[in-house]
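Next come the chains, spelled out residue by residue.
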Amino acid sequence: MFEEILEPLLSDSADPVAAGWQLRNLAEASAGNGPQLLGELTQRASRLPRADPAIVGGLLRVVQSSLLNMGWPTIESLDPESIRLIEASLPRDAPNRFLLQQLYAMVRTDASLALLVESLHENPPRQWIEAAQILSPLMQRRDWPVASIYPAILDGLQHPSLAAPLLDLASHVYREGLVAEHPAANRLAMLNLLLGEVVGRLNLFEENPRSFGDDVDTVQMKLGEAVALAVSLCDTLGLIGDESSIGKLTQAMDLRHRRVQCEAAGALARFDDEDGKKRLIELTAEPAARLRAIHYADELGLGELVDESFRSDKSTAEAELALWLTQPQQMGVPPTLVEVIDSRRLLWPSFDDPVDVFLVRFEYNLGDRTYSNVGIAGPAVFSMSADVANLPLDDIYAIYAGWHAEHDEIFAVPADQFNEAQLRLMESLQQHLQRVGYQQPRPALLGFFLDEQGVLLAVFSRRSNVEHGDKVVLGLAEHEAHVIGDAQGLFRTVGAQQHVAASFGQGAAADPDGKVDVLPQHAAA
């Protein structure tokens, strides 16, 4: 069924450039046929060791996506031996091995979980976030044999990428009542020692961030890994409940990192430690720690000590964005200031009824300079990398609605992929822009919105007021400018009362004074 596509991809002389579109074709062809694709790849497992590792990684992504799109029942029916055969044949440097390991977890049988334990010991994932993804299916289901995983899988604590997710899963099964005793309880001495080591590393980082590396990516990876482990250890030791852990937990609570402070304070509060309880309640005032601190306070019977204002929708929205910003994949540290600047009840993409939407301004004080932007909370928690802080509120709502919207008939075509008809359309629009005073207009995107014919949002660069020829409109990167157009048409379609500058069905470009010109459709005719 997939022979014509798989053969060139697995060839010793596969073209990496051609492999891109071949993998796209395979993804389309495999829709609804995930098990068949897995079967055909199993039949060709002997070809995998000599194939291009990057292409094999792409194949694994296609296989996993096609299976996920078919749902849990399809994956649960897979033969784990087929997965094992493919995994055993992978090139050593092939990326995305963790996607096969996640399939073991999703099958959830004794046999598949035994293979998962073996695979994680022999081939631990490269990053803790991959390990978390591997084990996440076991967090979502209760119908799996815990004894097939624990305690054997805890031998993987020696691997930095596995330690935090393994402890999180152990704490989860204990909280859910799937086991009578915490699975890591018999490793208490090692866990106390490990927490002390991690706290020492984080203390060193607070004194000298370069101790984690010389480049941003390395520092963020090591910091994220250390914080995740510290959080998991504090939670685990609090649940195990042995007083030998109090000293190490107190050291962790003295760190500057709010999330670690919160976990350590919550763990200490379980011991009825007064300092832990006091710090836990204090942390409810900190937006980045508020949600977790309130959760622990309620869980431990301390909820009446929490200021009710911190439970409001406004405070929750601020806390959600602050927590999102502290993630290693985002800013990595909590903002200096966070505040809701506007909120509205709106019809929103993917929701049947109106929802409360919050625009949240955040600020980082970086010493000699500051960084500020506006994010969203409510239907989603997110912040654009482009600066939207100075845009009208209506346009900011529009940007985030467009970002959140997903539909097969809402899409954009990059300029280098225009067909002949689209090139002719853009030529007419460029001529019009030149006539009205824009210099050297250049198309970047052609957008389509639902069933509207010929609708577009074109982004132009090299205007007289734009230096370096950056592709910008209203100060936005070009793909985010396209999002504005999506949302403005979307708000009109769903009936939300938004005053927007331009919508699909019109072309838009920024003029020298920073406003938006609305170009009627006939202007490009």
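Here, the structure is the one placed above.
Residues numbered from 1 in each chain as written. Predicted model: local features only at pLDDT ≥ 70, side-chain atom pairs only at ≥ 80, totals over all residues. Heavy atoms only, no water.

**Some remarks on the overall build of the chain**
The condition that has to hold: The secondary structure listing takes helices from DSSP runs of H or I that are at least 4 residues long and strands from runs of E that are at least 2 residues long, numbered from the N terminus. A simple rule labels every residue: compare its accessible area, found with a 1.4 Å probe on the protein chains alone, to the largest value its type can have, and call it buried under 20%, exposed over 50%, or partly exposed in between. Contact criterion: two residues are considered in contact whenever any of their non-hydrogen atoms come within 4.5 Å of each other.
When its secondary structure is counted, the chain shows 20 helices and 10 strands. Taking all 525 residues of the chain together, 51% fall into the buried category. Counting contacts in the chain only where the partners sit at least 6 residues apart, residues at least 24 apart contribute 62% of the total.

**Considering the nonpolar core**
Condition: Among the buried residues, those of types Ala, Val, Leu, Ile, Met, Phe, Trp, Tyr and Cys that are joined through side-chain atoms within 4.5 Å form a nonpolar core.
Counting 104 residues, the largest nonpolar core has Leu-26, Leu-116, Leu-135, Ile-149, Leu-202 and Leu-280 as the members making the most contacts within it. With 30 residues, the next largest nonpolar core counts Ala-322, Val-340, Leu-346 and Ala-401 among its residues.

**Observations concerning the environment of Leu-169**
Topologically, Leu-169 is positioned in helix H10 (residues 160–175). Residue contacts for Leu-169: discarding those within four places in its chain leaves Leu-135, Leu-138, Met-139, Trp-144 and Tyr-150.

**As for helix H1 (residues 3–10)**
Here is the rule we go by: Relevant arc is that of directions from the helix axis to the C-beta atoms, nothing else.
Listed in full, the buried residues belonging to H1 are Ile-5, Leu-6, Leu-9 and Leu-10. One side of H1 carries all its buried residues, which in axial view fall inside an arc of 110°. Where H1 is buried, its residues meet helix H2 (16–29), helix H3 (34–43) and helix H4 (53–68).

**Some thoughts on helix H6 (residues 80–88)**
Short version of the rule: Think of a polar contact as two N or O atoms within 3.5 Å of one another; within protein, one of them needs to be a possible hydrogen donor and the other a possible acceptor, and neighboring residues in sequence only count if both atoms come from side chains.
If you check which residues of H6 are buried, you get Pro-80, Ser-82, Ile-83, Ile-86 and Glu-87. Buried residues of H6 fall within an arc of 155° about the axis and therefore sit on the same side. Of the surrounding secondary structure, the elements contacted by the buried residues of H6 are H3, H4, helix H7 (97–107) and helix H8 (110–122). Capping the start of H6 is the job of one residue whose side-chain oxygen sits 3.0 Å from the backbone nitrogen of Glu-81: Asp-79.

**Let's talk about the packing of H7 against H8**
Selection criterion: Axis angles are defined between N-to-C directions and span 0 to 180 degrees, where every axis is a line fitted to C-alpha atoms and, for a helix, only to the segment in contact. Throughout, the term roughly parallel applies to angles under 35 degrees, roughly antiparallel to angles over 145, roughly perpendicular to angles from 65 to 115, and oblique to all others. In this scheme the handedness of a crossing depends on how the near helix is turned from the far one: anticlockwise by less than a right angle means left-handed, clockwise means right-handed.
Taken N-terminus to C-terminus, the directions of H7 and H8 make an angle of 150°; their axes are 8 Å apart at the nearest point. Considering their axes alone, H7 and H8 lie roughly antiparallel with respect to each other. Our pair here, H7 against H8, has a crossing hand that is left-handed. Across from Gln-101, Tyr-104, Ala-105 and Val-107 in H7, the residues of H8 making contact are Ser-112, Leu-113, Leu-115, Leu-116, Ser-119 and Leu-120.

**Examining the pattern of salt bridges**
Using the following cut-off: For this analysis, a salt bridge means a side-chain nitrogen from Lys or Arg found within 4 Å of a carboxyl oxygen belonging to Asp or Glu.
All chains considered together, the criterion is met by 24 salt bridges. Salt-bridge contacts for Arg-97 lead to Glu-87; the nearest nitrogen and oxygen are separated by 3.5 Å. You can see Arg-97 sitting in helix H7 and its partner Glu-87 sitting in helix H6, a full 10 residues away along the chain. Side by side, Arg-97 and Glu-87 carry an identical accessibility label, which is buried.

**Considering the packing of H6 against H8**
The test is simple: Side-chain classes are defined by residue name, with Ala, Val, Leu, Ile, Met, Phe, Trp, Tyr, Cys and Pro counting as nonpolar, Asp, Glu, Lys and Arg as charged, and the others, Gly among them, as polar.
At a minimum axis distance of 9 Å, the contact between H6 and H8 shows a crossing angle of 20°. In terms of orientation, H6 and H8 fall into the roughly parallel class. Contacts from Pro-80, Glu-81, Arg-84 and Glu-87 in H6 reach Ala-111, Ser-112, Leu-115 and Ser-119 in H8. A breakdown of the residues in the contact of H6 with H8 according to their chemical character gives three nonpolar, two polar and three charged.

**Structural notes on unusual backbone geometry**
Residues Tyr-150 and Pro-151 are joined by a peptide bond in cis, for which omega reads 10°. Tracing the backbone through its elements, the reader meets Pro-151 in the loop between helix H9 (128–140) and H10. Residue Arg-108 is not a glycine yet carries a positive backbone phi of 65°. Residue position: Arg-108 is located in the loop between H7 and H8. Its relative accessible area of 7% is what places Arg-108 among the buried residues. The backbone of Ser-350 sits at a positive phi, close to 75°, despite the residue not being glycine. With respect to the helices and strands, Ser-350 occurs in the loop between strand S1 (337–346) and strand S2 (355–365). Its relative accessible area of 67% is what places Ser-350 among the exposed residues.

**A closer look at the sheet that holds strand S3 (residues 370–377)**
Two strands in a sheet stick together by hydrogen bonds in their backbones, pointing the same way (parallel) or opposite ways (antiparallel). Using the following cut-off: By definition, two strands form a pair when at least two bridges between them are found by DSSP.
Strand order in this open sheet of four strands is S1-S2-S3-S4, and the pairing throughout is antiparallel. The sheet is open, and its two edges are formed by S1 and strand S4 (382–383), each paired on a single side. Pairing of S3 with S4 involves two bridges; the strand directions are antiparallel. Residue pairing for S4: Ile-376 is matched across the bridge by Phe-382.

**Quick notes on the packing of aromatic side chains**
The condition that has to hold: Only centres within 6.5 Å qualify two rings of Phe, Tyr or Trp (six-membered ring in Trp) as a pair; their planes then separate them into stacked at under 30 degrees, edge-to-face at over 60, and tilted for everything else. In this scheme, Lys NZ or Arg CZ marks a charge over a ring once it lies within 6 Å of the ring centre and within 35 degrees of the ring normal.
Tallied over the full model, the rule gives six aromatic pairs. Judged by centre distance (6.1 Å) and plane angle (80°), the rings of Phe-362 and Tyr-364 are edge-to-face. A single burial state applies to Phe-362 and to Tyr-364, both of which are buried. Ring centres 4.0 Å apart and planes at 5° place the aromatic pair Phe-382 and Trp-403 in the stacked group. Here Phe-382 is found in strand S4, whereas its partner Trp-403 is found in helix H18 (residues 393–404), with 21 residues between them in sequence. Grouping aromatic residues by their ring pairs yields a cluster made of Trp-324, Phe-382, Tyr-400 and Trp-403. Just above the ring of Trp-72 sits the side chain of Arg-141; from NZ or CZ to the centre is 3.7 Å. We note Arg-201 situated over the ring of Phe-212; from NZ or CZ to the ring centre the distance is 5.1 Å.

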